[in-house]
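The chain contents come next:
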Amino acid sequence: MTGRQGPALSRRSLIGAGLGAAGVAAVGPGQALAASPAGITAASAPARGRAFLASAMDAYPGRGGIRLTQSYTDQAGLFSTAFTYDNALAILAHLAARAPEGLARARALGDALLYAQTHDPEYDDGRLRQAYNVGPYTFYDGSEQPDGFVRPDGSANVGTQFGFTGTAVGDMAWAGIALSALARRTRARRFLSGAVRVGEWIERTGRTDEPLGGYKFGVDGANRKLPFTSTEHNTDLICLFGRLARLTGDRVWLERRARAEAFVRRMWEPSGGFFHTGTNDGVTVNESPVPEDTQTWTHLALGSRTDRYARSLDWAEAELAVLDHAGRTNSTVPAGQSYEGVTFSSASLVADEDAPVAQGQPKPDRNGVWFEGTAHLALALRDRRARGDEARARSLLDSIERAQDRLGGGQTVGGRALPERCGVVSASSPLDTGFGFGYYPYRHTGATAWYVMAVAGLNPLRA
């Protein structure tokens, strides 16, 4: 089995050094807080999800109008880290609301990504880093980190403390997808220009002529190219390059889209009806672990309602299904509650329940529900529209909404209390992804944004 070489790193893996593998029209902090009214607990579940996204965006009102959204609540221990991927999703979720407040927030976040792109402390080549700091904190070693997203010298505050300094093709692609969505909605040229810069950086840095082709993983914090090629990343590029072709009229993007799509199709496993995760060396396909997002995102990007690839959703629904409750080993779900959905990968189902993913973390629950992935699946089922898909999607969304109501209570962002019952935790219980990191029951911008898009029926990967 080719997985013996070790899995190709996921977009979410650390890619910092040494870890291996425009004008700004922003919403002012005072204005933004209006999105979290005192009576929010009586609002609909999607409205409460959007209220969380607003609160996570407004957590540091004294740090100026140029800002990104904090990715996790403070209790996750990542302080004010704002992942580029999560902020791209937040833009798309705000646009899904189709309301003036949502558009204003999406524009502000888009302008913040453009600011990071043009005010990097080291590079001026169109890249974005894996993450940024958006507010002050004291790090674990006692060092004070006093700056917000914009440092006193005007540079973007890159997340160096955790090593989030590399640039992954997948993160870049999602940023480009969000900027292209803003370009289409607003007709503002700056967003299209930023998306094109993203695409050109990916073409220069990621393109490979290895036998399996496609686009490689990106660079670490020391600007060293990483050898892996990810199905997930190339799926993202099917959308980004397709959108750039439409928006610019330049057919070169169609050739690039075809290259990414060809790699994705090479990862198809017809005997099992699923997509593999990628390759470490550009020659041999990694057969294990098999992740959830390479099944659902491929459908969303390829539009595979009736062809053979539509089976990937059935594989994810059947093979990654989990039910978490208090009786499970290492479950943190309160007694009397249960949650259904999918886990991160095939490796999550056989994780070592006696050992944490990392030192100081809790032990994993093999049946922990990954709510971001559960939202992926719900949206993909709604998009496919086969017999029974809508009912199954609604059941998954119900599980996510119960989690928003009941899990993650009392958590904060930037030391500020969140509106009650607002925001979806990333996982029902600690889970091991099988890719060297875990997910935990902390309210999460990414999981919440995917839930908001799933409820709205917005496919963010449609070109």
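Residues numbered from 1 in each chain as written. Predicted model: local features only at pLDDT ≥ 70, side-chain atom pairs only at ≥ 80, totals over all residues. Heavy atoms only, no water.

When helices and strands are counted, the chain shows 13 helices and 18 strands. Here the C-alpha atoms of the chain give a radius of gyration of 20 Å, agreeing with the 23 Å that 2.2 N^0.38 yields for 463 residues. Overall size of the chain, expressed as C-alpha extent along the three principal axes, is 55 × 55 × 45 Å. Considering the chain as a whole, with its 463 residues, one finds that 61% of them fall into the buried category. Carbon and sulfur atoms make up 49% of the accessible area of the chain, which amounts to about 16100 Å² in all. Charge-centre separation for the chain: the mean point of 50 positive side chains lies 7 Å from the mean point of 48 negative side chains. (Helix = DSSP H or I, 4+ residues; strand = E, 2+ residues; numbered from the N terminus. Rg over C-alpha atoms; globule rule 2.2 N^0.38 Å. Buried < 20%, exposed > 50% of the residue type's maximum accessible area, 1.4 Å probe, protein only. Areas by Shrake-Rupley, 256 points an atom, 1.4 Å probe, with all protein chains shown as cover. Lys, Arg positive; Asp, Glu negative; His and termini not counted. Charge placed at Lys NZ, Arg CZ, Asp CG, Glu CD.)

Take the nonpolar core next. Most often, soluble globular proteins have nonpolar side chains that are buried together. Counting 110 residues, the largest nonpolar core has Trp 174, Ile 202 and Trp 450 as its most contacted members. Ranked by the residues each element gives to this core, the list is headed by helix H5 (residues 169–186), at 11 residues. Leaving out residues up to four positions away in the same chain, Ile 202 has contacts with Val 169, Met 172, Ala 173, Arg 207, Tyr 215, Leu 237, Leu 240 and Phe 241. Core analysis: the next-biggest nonpolar cluster, separate from the first, contains 16 residues, Phe 162, Phe 164, Ala 427 and Tyr 439 among them. (Core = buried A, V, L, I, M, F, W, Y, C linked by side-chain atoms within 4.5 Å. Contact = heavy atoms within 4.5 Å.)

Peptide bonds are mostly trans, and most non-glycine residues show a negative phi. The linkage connecting Ser 288 with the following residue, Pro 289, adopts the cis geometry, with an omega of -5 degrees. Secondary-structure assignment places Pro 289 in the loop between strand S12 (285–286) and helix H9 (293–302). One non-glycine residue, Arg 98, lies in positive phi territory at about 50 degrees. By secondary structure assignment, the location of Arg 98 is in the loop between helix H3 (84–96) and helix H4 (100–118). Despite not being glycine, Asn 330 shows a phi value in the positive range, around 70 degrees. Examined against the element boundaries, Asn 330 turns out to sit in the loop between strand S13 (321–325) and strand S14 (338–342). We classify Asn 330 as partly exposed; its relative accessible area is 25%.

The end-to-end C-alpha separation of helix H7 (residues 231–248) is 26 Å, in line with the 26 Å expected for 18 residues at 1.5 Å each. Within H7, 15 of the 18 residues are buried, which leaves the element mostly enclosed by the surrounding structure. Taking the backbone nitrogen of Glu 232 as reference, a side-chain oxygen 3.1 Å away marks Ser 230 as the first, capping residue of H7. Backbone geometry just after H7 places Gly 249 at a positive phi near 75 degrees. (Expected span 1.5 Å × (residues − 1). Polar contact = N/O pair within 3.5 Å; in protein donor to acceptor, adjacent residues only side chain to side chain.)

Judged by pairing direction, the sheet is antiparallel, and its three strands sit side by side in the order S5-S6-S7 without closing on themselves. In this open sheet, the two edge strands, each paired with only one partner strand, are strand S5 (167–168) and strand S7 (225–226). As judged from the two bridges shared by strand S6 (residues 218–219) and S7, these two strands associate in the antiparallel manner. Each residue of the ladder has a partner; that of Val 219, found in S7, is Lys 225. (Pairing = 2+ DSSP bridges.)

To continue, consider the confidence of the model for the chain. Mean pLDDT over the chain: 91, with 91% of residues reaching 70 or higher. Long-range and interchain partners of residues 1–11, a stretch whose pLDDT sits below 50, account for 46 contacts in this model, where long-range means more than four residues apart. Note on residues 14–41: pLDDT under 50 across the span, and 83 contacts to partners over four residues away in sequence or across chains. (pLDDT = per-residue confidence, 0-100.)

Inspection of every chain in the model, using the stated rule, returns 31 aromatic pairs. An angle of 35 degrees between the planes, with centres 6.3 Å apart, marks the rings of Tyr 85 and Trp 297 as tilted. Highlighted residues: Tyr 85 in helix H3 and Trp 297 in helix H9, separated in sequence by 212 residues. Across the pair, exposure class does not vary: Tyr 85 and Trp 297 are buried alike. Between Phe 344 and Phe 437 the ring centres are 5.8 Å apart and the planes differ by 80 degrees, which places this aromatic pair in the edge-to-face class. Taken together, the residues Phe 344 in the loop between S14 and helix H11 (371–384) and Phe 437 in the loop between strand S17 (431–432) and strand S18 (438–439) connect sequence positions 93 residues apart. In this pair, the class of Phe 344 matches that of Phe 437, namely buried. (Phe/Tyr/Trp six-rings, centres within 6.5 Å; stacked < 30°, edge-to-face > 60°.)

So, about the packing of helix H6 (residues 189–206) against H7. As a packed pair, H6 and H7 sit with axes 11 Å apart at the nearest point and diverge in direction by 130 degrees. Here H6 is positioned oblique relative to H7, judged by the angle of their axes. Along this stretch, H6 crosses H7, giving a crossing that reads as left-handed. For the pair formed by H6 and H7, the contact residues are Leu 192, Ala 195, Val 196, Val 198, Gly 199 and Ile 202 on the first element and Leu 237, Leu 240, Phe 241, Leu 244, Leu 247 and Thr 248 on the second. By residue class, the composition of the contact of H6 with H7 is 10 nonpolar, two polar and no charged. (Axes fitted to C-alpha atoms, helices over the stretch in contact; angles between N-to-C directions. Parallel < 35°, antiparallel > 145°, perpendicular 65-115°, else oblique. Left-handed = near helix turned anticlockwise from the far one by under 90°. Nonpolar A, V, L, I, M, F, W, Y, C, P; charged D, E, K, R; others polar.)

Attention shifts here to the layout of surface pockets. The volume enclosed by the second largest pocket comes to roughly 520 Å³. Residue lining of the second largest pocket: 16 residues in total, with Ala 181, Arg 184, Arg 243, Leu 458 and Arg 462 positioned closest to the centre. Taken together, the elements giving at least two residues each to the lining of the second largest pocket come down to H3, H5 and H7. No other element matches H5, which puts four residues into the lining of the second largest pocket. Split into classes, the residues belonging to the lining of the second largest pocket amount to eight nonpolar, two polar and six charged. (1 Å grid on protein atoms, 1.4 Å probe; cavity = no way out; pocket = protein on both sides within 12 Å on 5 of 7 lines; lining within 4 Å. Points joined across faces, edges and corners; volume = space filled by probe spheres on them.)

Within this structure, the stated rule accounts for 29 salt bridges. Here Arg 259 and Asp 209 are joined by a salt bridge, their closest N and O atoms 3.6 Å apart. With a gap of 50 residues between them, Arg 259 in helix H8 (residues 252–266) and Asp 209 in the loop between H6 and S6 connect regions that are remote in the sequence. With its nearest N and O atoms 3.2 Å apart, the salt bridge here joins Glu 390 to Arg 382. Taking the relative accessible area as the measure of exposure, Arg 382 reaches 24% and is therefore partly exposed. Among the charged side chains, a network of salt bridges with common partners joins Glu 200, Glu 203, Arg 207, Glu 255 and Arg 256. (Salt bridge = Lys/Arg side-chain N within 4 Å of Asp/Glu carboxyl O.)

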